[in-house]
Amino acid sequence: MTDQDLTDLLESVANTTTVGPAPLSEITTGAERRRRRRRWRAASAGTVAIAAMIGTAMVLAPGQTSKPAHVTPTPAEVPAGMRLVGYGHAAIAVPDAWGTNDTRCGTPVHPTVIIDESGTVLCLFTTPRTVDNVQVALGVPPSQPTPTHQVTIDGVPARRNDAVCRDEPIGLHPSVSSVLCTGTVYVPSAGTSFTAESATAEGVDMILSRIEITPNLVGVPGLAPFAFNPQMDAVQAQQAYADTLRAADFAVQFRTEQHSGLRAGTLLRASPGPGSMLPPGSVVTVIAAAAN
Amino acid sequence: MHVDQDFSEYVAARWPRLVRSAVLLGCSSTEAEDVVQTALVRCLLHWNRVQRAEDRDAYVHRILINTFTSTRRRRWTGEQPTAELPDAAVKDVLGEIDRKDAVVRCLAALPPDQRAAVVLRYYAQLDEQQMAAVLGVAPGTVKSRLSRALKTLATDPLLAELQGMP
């Protein structure tokens with residue numbers, strides 16, 4: 001059977017299916033309904049989080065911990081013009097215009113998501129004014145206070161701390177400063193934290209209000225803990241990362257690329273990259289250096 | 001071009017082919033329309049991104065495949081018992097039915113990844129690069145899936161019989 005035979009056969013069989021007119025109005029109505037739901041959730045999430053914190057504080061006696069009722073999370077939907085980034089089943093929606101790891105000497109220079117950074121080059125760099133950014137990490141970054149307020153996100157328990165603001169000197173002139181506000185939300189079920197920075201506390205709350213639980217999507221695990229682990233050789237790192245991907249319910253495939261100066265098997269990157277939110281079972285390609 | 005107009009034109013042009021692609025992927029005709037409708041709602045939510053995509057058809061097919069896959073995970077599509085058989089009128093076109101039945105059986109015998117590859121290549125007419133983007137795999141993987149699928153189809157007696165049919 002030739003390619004053309006198969007094409008003709010599929011064409012003729014497919015044409016036996018009678019197709020009605022495109023339900024354009026149903027499609028546009030469905031999309032609009034989802035947009036409205038997303039807008040409502042984005043606008044109310046901050047309020048809900050604050051209300052949840054107040055409610056918890058009022059109901060719980062000192063020393064008690066909350067035990068939220070089981071709530072079935074709703075499927076993830078991404079607002080138009082945004083993308084989801086996260087680990088496990090916890091993600092944050094960030095504007096498409098935001099970069100990924102768009103930092104200089106460890107300092108965000110444009111609005112960005114910081115995730116799975118492979119290392120920070122220390123250098124003399126004039127700190128810019130605060131730009132919105134969010135760091136997605138496993139566990140709470142050591143530089144941040146431990147979040148303690150109990151909240152729920154999509155019915156799943158989480159903890160957060162209030163946004164804290166301070167003056168941050170700009171450049172080499174201590175008299176010139178920019179306000180830097182920081183807040184963190186930690187989702188224990190995903191072991192994932194989201195630390196937002198903005199010039200205002202409201203900005204931090206707005207960024208963190210876009211965290212959501214994604215029962216139908218899983219974040220691609222980070223590569224850096226394996227690629228830069230001095231206790232693993234290249235093969236061990238590759239194997240350990242592949243095992244981590246499989247444990248996260250991804251299918252793994254391998255590809256090599258020529259890369260002078262690196263040992264064969266050195267992990268280069270994953271595709272889709274760390275933090276990408278994909279349906280379980282999706283294929284993640286691990287790209288390693290080929291033998292020279 | 002305005003999003004709504006651009007989207008409407010795209011849907012008007014592609015709707016039948018997308019539905020038939022879903023049928024070849026394994027949907028019933030009713031289910032196929034539902035799956036494609038769901039996929040197009042998702043596309044419309046991100047239509048700006050679809051417009052920016054280098055290959056719009058590949059992007060839309062990727063969402064279609066993802067929607068189809070998640071539908072398959074979620075829904076049990078086995079037979080439903082019924083007290084009375086539906087009294088449906090069927091056109092008396094035995095050759096057409098035989099052909100469709102044979103092709104559907106042959107496609108159903110393929111693993112899902114190979115079946116998707118065959119439909120995308122030989123019905124949706126995507127090239128290997130586009131398919132790699134749709135399926136999220138390397139072009140080499142696309143080639144091997146197609147190769148294995150074609151090998152299976154070539155030895156299928158049902159399809160061999162069809163070769164001799166008018």
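About the cut-offs
- Each chain carries its own residue numbering, running from 1 in the written order of its sequence.
- Here every chain gets a letter starting at A, and every ligand a number starting at 1, in the order they are written.
- Local features are withheld for residues below a pLDDT of 70 in this predicted model, meaning they are given only at 70 or higher, and side-chain atom pairs are given and counted only at 80 or more; totals for whole chains, interfaces and linings count all residues.
- Buried Ala, Val, Leu, Ile, Met, Phe, Trp, Tyr and Cys residues form a nonpolar core when they are connected through C-beta atoms within 7 Å.
- Burial is judged by counting the other C-beta atoms within 10 Å of a residue's own C-beta: 20 or more makes it buried, 12 or fewer makes it exposed, and any count in between marks it as partly exposed, with every C-beta position built from the backbone.
- Every helix listed is a DSSP run of H or I at least four residues long, and every strand listed is a run of E at least two residues long, numbered separately from the N terminus.
- Any pair of residues counts as being in contact when their C-beta atoms, constructed from backbone geometry, are within 7 Å of one another.
- What a helix should span is 1.5 Å times the count of its residues minus one.
- Lines fitted to C-alpha atoms define the axes, with helix axes restricted to the stretch in contact, and inter-axis angles between N-to-C directions lie between 0 and 180 degrees.
- Comment on the angle field: the value is read as roughly parallel under 35 degrees, roughly antiparallel over 145, roughly perpendicular from 65 to 115, and oblique elsewhere.
- Residue classes follow a fixed rule: Ala, Val, Leu, Ile, Met, Phe, Trp, Tyr, Cys and Pro count as nonpolar, while Asp, Glu, Lys and Arg count as charged, and any other residue, Gly among them, counts as polar.
- Along the chain, pLDDT gives the predictor's confidence residue by residue, from 0 to 100.
- Pairing between strands is defined by DSSP: at least two bridges between the two strands are required.
- Regarding the arc, it is the one traced by the directions from the helix axis to the C-beta atoms.

What to know about the nonpolar core
The nonpolar side chains of soluble globular proteins are, as a tendency, buried together.
Piece 1. Formed by 57 residues in total, the largest nonpolar core has its most connected members in B:Ala22 and B:Val36.
Piece 2. For this core, the leading source of residues is helix H1 (residues 3–25) of chain B, giving ten residues.
Piece 3. Sequence-distant contacts of B:Val36, defined by excluding residues within four places in its chain, comprise B:Leu18, B:Val19, B:Ala22 and B:Leu64.
Piece 4. Grouped together as the second largest cluster of nonpolar side chains are 50 residues, A:Val85, A:Cys181, A:Val220 and A:Leu245 included.

As for helix H5 (residues 234–247) of chain A
The periodicity of an α-helix, 3.6 residues per turn, causes residues three or four places apart in sequence to face the same way.
All names here are of chain A.
Piece 1. Taking 1.5 Å per residue, 14 residues should reach 20 Å; H5 reaches 20 Å between its end C-alpha atoms and fits that length.
Piece 2. Residues of H5 that are buried in the fold lie against helix H4 (224–227), strand E15 (251–257), strand E16 (267–271) and strand E18 (283–289).
Piece 3. The first or second residue beyond H5 is Asp249, which carries a positive phi of 80°.

Describing the packing of helix H7 (residues 128–135) of chain B against helix H8 (residues 139–154) of chain B
Residues and elements named next belong to chain B.
Piece 1. At their nearest, the axes of H7 and H8 sit 8 Å apart, and the two run at 100° to each other. Classed by the angle they form, the pair H7 and H8 counts as roughly perpendicular. In this structure, H7 uses Glu128, Gln129, Met131, Ala132 and Leu135 to contact H8, whose residues at the interface are Pro139, Val142 and Lys143.
Piece 2. Here the residues of the contact of H7 with H8 sort into five nonpolar, one polar and two charged.

As for the confidence of the model for chain A
Piece 1. Averaged over every residue, the pLDDT of chain A is 79; residues scoring 70 or more account for 77%.
Piece 2. In this model residues 42–75 of chain A is a low-confidence stretch, pLDDT under 50, and it forms 30 contacts with partners more than four residues away in sequence or in other chains.

So, the sheet that holds E18(A)
Whether parallel or antiparallel, the strands of a sheet pair through hydrogen bonds between backbone atoms.
All names here are of chain A.
Piece 1. Sheet architecture is open: three strands sit in the order E15-E18-E16, paired in mixed fashion. Strands at the two margins of the open sheet, each flanked by one partner only, are E15 and E16. Across the sheet, the mean angle from the axis of one strand to that of its neighbour is 25°, orientation sign disregarded.
Piece 2. When E16 meets E18, the two strands line up antiparallel, connected through four bridges. Within E18, the position partnered with Leu267 by the bridge is Ala288.
Piece 3. The strands that H5 touches are E15, E16 and E18; relative to E18, the one it contacts most, it runs at about 170°.

Description of the sheet that holds strand E2 (residues 90–95) of chain A
Residue and element names in this part refer to chain A.
Piece 1. With antiparallel pairing, three strands are arranged side by side in an open sheet as E1-E2-E13. Looking at strand neighbours, the two that pair on one side only are strand E1 (82–87) and strand E13 (211–213), the edges of this open sheet. The sheet shows a mean angle of 35° between the axes of neighbouring strands, taken without regard to direction.
Piece 2. Summarising the sheet, E2 and E13 pair through three bridges and their orientation is antiparallel. Bridge pairing in E13 places Ala91 opposite Glu212.

Looking at the interface of chain A and chain B
Piece 1. Counting residues at the interface gives 33 residues for chain A, matched by 36 residues for chain B.
Piece 2. Where the side of chain A that touches chain B is concerned, the elements lending two or more residues are helix H1 (3–14), helix H2 (24–59), E15 and E18 of chain A.
Piece 3. Counting residues per element, the side of chain A that touches chain B draws most heavily on H1(A), at nine residues.
Piece 4. Of the residues that constitute the side of chain A that touches chain B, the class distribution is 15 nonpolar, twelve polar and six charged.

Quick notes on the pairing of strand E7 (residues 133–138) of chain A
Residue and element names in this part refer to chain A.
Piece 1. Where burial is concerned, most of E7 is hidden: five out of the six residues are buried.
Piece 2. Pairing geometry for strand E6 (residues 112–115) and E7, over four bridges, is parallel. Bridge pairing in E7 links Ile115 to Val136.
Piece 3. Judged from the six bridges that link them, E7 and strand E12 (residues 192–198) form a sheet pairing that is antiparallel. Looking across to E12, one finds that Gln135 is bridged to Thr195.

Some points on the environment of B:Trp15
Piece 1. Among the structural elements, B:Trp15 can be located in helix H1.
Piece 2. B:Trp15 gets classed as buried once you count the C-beta atoms within 10 Å, which come to 21.
Piece 3. Distance in space between the C-alpha atoms of B:Trp15 and B:Gln37 is 8.9 Å, their sequence separation being 22 residues.
Piece 4. Setting aside residues no more than four positions away along its own chain, B:Trp15 makes contact with A:Val19 and A:Ala22.

A word on the pairing of E18(A)
Piece 1. Bridging between E15(A) and E18(A) involves seven bridges; their strand directions are parallel. What sits directly across from A:Gln253, in E18(A), is A:Thr285.

Looking at H1(A)
All names here are of chain A.
Piece 1. The first and last C-alpha atoms of H1 sit 16 Å apart over twelve residues, in line with the 16 Å expected at 1.5 Å per residue.
Piece 2. Every buried residue of H1 is accounted for by Leu6, Leu9, Leu10, Val13 and Ala14. Taken end-on, H1 shows its buried residues confined to a sector of 125°, consistent with a single buried face. Seen from the buried face of H1, the exposed residues on the opposite side, beyond 90 degrees, are Gln4 and Asp8.

Examining the environment of A:Ala264
Piece 1. Along the polypeptide, A:Ala264 turns up in the loop between E15 and E16.
Piece 2. Considered as a pair, A:Ala264 and A:Ala290 are 26 residues apart in the sequence and their alpha carbons are 5.0 Å apart.

Observations regarding the confidence of the model for chain B
Residue and element names in this part refer to chain B.
Piece 1. Confidence in the prediction of chain B, expressed as mean pLDDT, is 80, and 80% of residues score 70 or more.
Piece 2. Least confident of the elements in chain B is helix H9 (residues 157–163), whose mean pLDDT is 72; most confident is helix H6 (residues 112–123), at 91.
Piece 3. Note on residues 75–80: pLDDT under 50 across the span, and zero contacts to partners over four residues away in sequence or across chains.
Piece 4. Ignoring residues within four places in sequence, the model shows residues 89–93, a span with pLDDT below 50, making zero contacts including any to other chains.
Piece 5. Here the complex is predicted with pTM 0.48, and the ipTM for its interfaces comes to 0.80.

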